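Structural characterization, general
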Amino acid sequence: MIASKLHMAVLVSVLFLGMGTLATIGLAGDGNGSGNRAGVSSTETVDELVLKLGNTRYVHREEAAKKLERIGPSADSALKAGMLNRDPEIARRAADVRQRIRKAHLQQFREHFLWDPEAAAKLDHPLWNRFVELVGNDKSSRALFAAILKDERGLARLAEADMFPERAGALY
């Protein structure tokens, strides 16, 4: 019974994620992808760092990727735009960095949520926000979401649907 409810909640969440692109994720930052962020010099914007992912020098590409990872979820918009860049190096690296940031952010959110669901339920994460829209934010819904977070396979599907909403329907 609980397994079917869990499966249904995951399925509904994945399908709902597939209906539209999620807003920028973030436990911190404004998510607009511009301006200065932690780890970025006063002369580098997030957009400029994304363009540096296509620099001819490997060391500069790697430096830009590390800075973007330090910036975290608030670089999501710029990285998403970078994934559409005509330069295949920028597009590939932007997708890689974005995926690493999202994976780390989801892991951080997961640890917080599983450690203290009552407090973590107030955090901002697109998977949780979407789940609350569908299921609600009471004690039983938080318990169900915690069960989803504990299921590695279901969580991986949700994370993939979050990263690539256009593929969400094919995940089930």
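This text goes with the structure placed above it.
My aim in this report is to walk through the structure given alongside it, one point at a time. Here the residue index of a chain counts from 1 through its sequence in written order. Where totals are concerned, whole chains, interfaces and linings use all residues; where local detail is concerned, this predicted model gives features only for residues with pLDDT of at least 70, and gives and counts side-chain atom pairs only at 80 or more. Only hydrogens and water are set aside; all other atoms, that is, all heavy atoms of the structure, feed into the side-chain values.

**Thoughts on helix α3 (residues 58-71)**
To keep it simple, the criterion reads: Each helix is a run of DSSP H or I of at least 4 residues and each strand a run of E of at least 2, with the numbering of both proceeding from the N terminus. What a helix should span is 1.5 Å times the count of its residues minus one. With a 1.4 Å probe rolled over the protein chains alone, any residue whose accessible area is under 20% of its type maximum counts as buried; one over 50% counts as exposed, and the rest are partly exposed. Within this analysis, the arc is defined by the directions that extend from the helix axis to the C-beta atoms. Only heavy atoms matter for contacts: two residues are in contact if any of them lie within 4.5 Å across the pair.
The end-to-end C-alpha distance of α3 is 20 Å, a good match for the 20 Å that 14 residues give at a rise of 1.5 Å each. Within α3, the full set of buried residues consists of Arg61, Ala64, Ala65, Lys67, Leu68 and Ile71. The arc that holds the buried residues of α3, viewed along the axis, is 165°, so those residues lie on one side. Seen from the buried face of α3, the exposed residues on the opposite side, beyond 90 degrees, are Tyr58, Lys66 and Arg70. Against α2 (46-52), α4 (76-82) and α5 (88-115) lie the buried residues of α3.

**Quick look at the side chain of arginine 98**
Following the sequence through the fold, arginine 98 ends up in helix α5. Once residues lying within four places of it in the same chain are set aside, the contact partners of arginine 98 are Asp76, Leu79, Lys80, Met83 and Met163.

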